[in-house]
Amino acid sequence: MHYVLDMWMNVILGHQRQNDNNLKNSKCFFMIKNKFHNLGIIVICILHFGCASAQKTISKTVSLRESFKKYFLIGTAINVRQIEEKDTNAAKLIPEQFSAVTPENIMKAEVIHPKWDTYNFDLADKLVAYGKKYNIKINAHTLIWHSQLPAFMRHMKDADSVKQYFTDHIKTVASRYDGKVFSWDVVNEALEEDGSMRKSIFLEKLGPDFVTEAFRLAQQAAPNTQLYYNDYNIEQPKKRAGAIALIKKIQAAGVRIDGVGIQGHWRAYNIPLKDIEESIIEFSALGIKVMFTELDLGVLPNPWDSDAADVNMKAEYSAKMNPYANGLPDSMQTKLTKGYEDLFKLFLKYKDKIGRITFWGVNDGQSWLNDWPIRGRTNYPLLFDRNFKPKPAFDAVIKLKK
Ligand code: G3I
């Protein structure tokens, strides 16, 4: 430190030293020199700390949240350990990198409403507190979904009981979090691949208008919350047409829908960019925002060569279906990087139409794709590796904003 101080002193007092010769014999020489010395120290301190803080700014963590803040929210799906900040690496990384979170499981009906009159709000309340603490927006997921239903309702025979469950559930849960969460996936995955309504307990017992009804109830219960329809593969032309018809039907009934969530469970080597672009254009033409809500790019072979994300699809394990158990080869890493780069170029092109890009999980080790549709594989679908280190795909995405 002394060395640094002396160095700065030499620079600052350099011109003063030249004049010192003339002053050497003067009585006040030492007094003046002292004055300058003190002044010098002050200047040095300012410069030193100024430089240190400039240094800090330069080496500040490069973040998705910051890089895209002018354009759209960047989110991630989080689990219980992350909400409770028990996953220490994630506890640091999530608030740094993400401006939005979606609870991966804890707001699904099975967890939040396990019995007729029992609601489990503990974890969702913790999530709300977490969002507040870090200024992170919450996309609540999900009110009405045929999957992950509580046992008591899964086998309900009576249509009135289903209707009562449906109404109570939406009213109770959506009103509790109104104004506390930013948005709700009101209805999730109500469509088949051909665009027709999915065969579910809701369709069977309540009829095809149940989607509109869900939004009507949500609108009443949560007037201050954005309301979205969320599904996978709705960038595909047939399913997209089904989603557009569904959205138009909600709008024609005078019910509010604010956005559509394209999940985005794609394969790195097969991203349907043209369909995605057309979908952004067509959905936003309905006057709603487009969100990419569950983005991940799997690198493993799919047994059915499909992008469907139906949690019930399962296949047998074989070593052939788990080719990268010992690491991702450069050729696939490059495809993954290019895939994310292409996607984010597209997202930026349509930034005025897109509200949020959410990754489905924080790091590769925590992705559902390690266990779906085959359990126990090693997948690499996200921007952070198993040690929370940013991957080349992260750099490529960030670079687009530099
Ligand atoms: O919590 C139980 C635990 O108590 C039990 O011991 C364990 C035994 O398997 O299961 C645990 O529950 C699992 C749950 O995740 C929490 O980890 C379920 O089995 C498992 O099926 C469930 O998977 C989730 C899946 O949805 C089904 O809800 C995935 O984590 C989640 O990533 C996935 O997310 C869905 C979206 O909600 C909708 N779009 C598709 C997406 C991917 O499938």
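Residues numbered from 1 in each chain as written. Predicted model: local features only at pLDDT ≥ 70, side-chain atom pairs only at ≥ 80, totals over all residues. Heavy atoms only, no water.

**Comments concerning the overall build of the protein chain**
Then step 1. Looking only at helices and strands, the protein chain features 16 helices and nine strands.
Then step 2. Taking all 402 residues of the protein chain together, the buried fraction comes to 51%. (Helix = DSSP H or I, 4+ residues; strand = E, 2+ residues; numbered from the N terminus. Buried < 20%, exposed > 50% of the residue type's maximum accessible area, 1.4 Å probe, protein only.)

**A look at helix H12 (residues 210–221)**
Residues spaced three or four apart along an α-helix face the same direction, because each turn holds 3.6 residues.
Then step 1. In this model H12 runs 16 Å from its N-terminal to its C-terminal C-alpha over twelve residues, within 8% of the 16 Å that 1.5 Å per residue would give.
Then step 2. All buried positions along H12 are accounted for by Phe210, Val211, Thr212, Ala214, Phe215, Leu217, Ala218 and Ala221.
Then step 3. In this structure, the buried residues of H12 make contact with strand E3 (137–145), helix H10 (159–176), strand E4 (183–188), helix H11 (201–206), strand E5 (226–231) and helix H13 (237–252). (Expected span 1.5 Å × (residues − 1). Contact = heavy atoms within 4.5 Å.)

**Side note on the pattern of salt bridges**
Then step 1. Considering all chains together, one arrives at 26 salt bridges under this definition.
Then step 2. Its salt-bridge partner being Glu193, residue Lys239 comes within 2.8 Å of it at the nearest N-O pair. Taken as a pair, Lys239 in helix H13 and Glu193 in the loop between E4 and H11 lie far apart in primary sequence, 46 residues in all.
Then step 3. Linked through salt bridges whose partners overlap, the residues forming this network are Arg240, Lys274, Asp275, Glu278 and Glu282. (Salt bridge = Lys/Arg side-chain N within 4 Å of Asp/Glu carboxyl O.)

**Quick notes on unusual backbone geometry**
Comment: phi is negative for the bulk of residues other than glycine, and the bulk of peptide bonds are trans.
Then step 1. Here the amide bond leading from His141 into Thr142 is cis, since omega sits at 0°, within 30 degrees of zero.
Then step 2. Assignment of secondary structure puts Thr142 in strand E3.
Then step 3. Trp372 connects to Pro373 through a cis peptide bond whose omega is -5°.
Then step 4. Tracing the backbone through its elements, the reader meets Pro373 in the loop between strand E9 (354–359) and helix H16 (392–399).
Then step 5. Backbone geometry at Glu189 places phi at a positive 55°, although glycine is not the residue there.
Then step 6. Note that Glu189 resides in the loop between E4 and H11.

**Side note on the site of the ligand**
Then step 1. As a structural note, the neighbourhood of the ligand is formed by 15 residues, with Glu104, Lys108, His141, Gln148 and Glu294 the closest of them.
Then step 2. At 3.0 Å from an oxygen atom of the ligand is found a side-chain nitrogen or oxygen belonging to Asn105.
Then step 3. The separation between a nitrogen atom of the ligand and a polar side-chain atom of Gln263 is 3.1 Å.
Then step 4. Starting from 780 Å² of accessible surface for the ligand in isolation, the protein chains cover 53%.
Then step 5. Among the residues making up the shell around the ligand, the classes are represented as five nonpolar, six polar and four charged. (Near = heavy atom within 4 Å. Polar contact = N/O pair within 3.5 Å; in protein donor to acceptor, adjacent residues only side chain to side chain. Areas by Shrake-Rupley, 256 points an atom, 1.4 Å probe, with all protein chains shown as cover. Nonpolar A, V, L, I, M, F, W, Y, C, P; charged D, E, K, R; others polar.)

**A closer look at the packing of aromatic side chains**
What describes a pair of aromatic rings is the distance from one ring centre to the other and the angle between the planes of the rings.
Then step 1. Within this structure, the stated rule accounts for 17 aromatic pairs.
Then step 2. Between Phe292 and Phe347, the aromatic rings sit 4.6 Å apart at their centres with planes inclined by 35°, giving tilted as the arrangement. One end of the pair, Phe292, is in strand E8 (residues 289–298); the other, Phe347, is in helix H15 (residues 330–349), and 55 residues separate them in sequence.
Then step 3. Given the relative accessible area of 0%, Phe347 is considered buried.
Then step 4. Connected via pairs of aromatic rings, a cluster forms that spans Phe68, Phe72, Trp266, Phe292, Tyr340, Phe344, Phe347 and Phe359. (Phe/Tyr/Trp six-rings, centres within 6.5 Å; stacked < 30°, edge-to-face > 60°.)

**Let's talk about the nonpolar core**
Then step 1. With 103 residues, the main nonpolar core has Leu64 and Phe344 as its most contacted residues.
Then step 2. The leading source of residues in this core is H15, at eight residues.
Then step 3. With eight residues, the next largest nonpolar core counts Ala77, Ala308, Trp368 and Trp372 among its residues. (Core = buried A, V, L, I, M, F, W, Y, C linked by side-chain atoms within 4.5 Å.)

**Looking at the pairing of E8**
Then step 1. The buried fraction of E8 amounts to nine of the ten residues, a majority that puts the element mostly inside the structure.
Then step 2. Examined bridge by bridge, strand E6 (residues 259–262) and E8 share four bridges and lie parallel to one another. Looking at the pairing, Gly259 lines up with Lys289 of E8.
Then step 3. Note: strand E7 (residues 265–267) against E8, three bridges, orientation parallel. Across the sheet, His265 pairs through a bridge with Asp296, a residue of E8.
Then step 4. With helix H14 (residues 273–284) bridging E7 and the parallel E8, this β-α-β connection has right-handed handedness.
Then step 5. Two elements, E8 and E9, share four bridges in a ladder whose sense is parallel. From the neighbouring strand, Phe292 faces E9, where its bridge partner is Ile357. (Pairing = 2+ DSSP bridges. Right-handed = clockwise from strand over helix to strand, strands pointing away.)

**Describing the environment of Ile288**
Then step 1. Examined against the element boundaries, Ile288 turns out to sit in the loop between H14 and E8.
Then step 2. Looking at Ile288, the relative accessible area reads 4%, which means it is buried.
Then step 3. With near-sequence residues (within four places) excluded, Ile288 lies in contact with Ile247, Gln251, Ile257, Asp258, Gly259, Val260 and Phe283.

**Some words on the pairing of E4**
Then step 1. When you tally the buried positions in E4, you get six out of six residues, the bulk of the element.
Then step 2. When E3 meets E4, the two strands line up parallel, connected through five bridges. What sits directly across from Asn139, in E4, is Ser183.
Then step 3. Pairing of E4 with E5, which is carried by five bridges, proceeds in the parallel orientation. Bridged to Asp185 within E5 is Tyr228.

**Remarks on the packing of H14 against H15**
Then step 1. Interhelical geometry of H14 versus H15 gives an angle of 20° and a closest axis separation of 11 Å. Relative to H15, H14 is oriented roughly parallel. Crossing handedness for the pair H14 and H15: right-handed. In this structure, H14 uses Leu273, Ile276, Glu277 and Ile280 to contact H15, whose residues at the interface are Asp342, Leu343, Leu346 and Lys349.
Then step 2. Of the residues contributing to the contact of H14 with H15, the split by class is five nonpolar, no polar and three charged. (Axes fitted to C-alpha atoms, helices over the stretch in contact; angles between N-to-C directions. Parallel < 35°, antiparallel > 145°, perpendicular 65-115°, else oblique. Left-handed = near helix turned anticlockwise from the far one by under 90°.)

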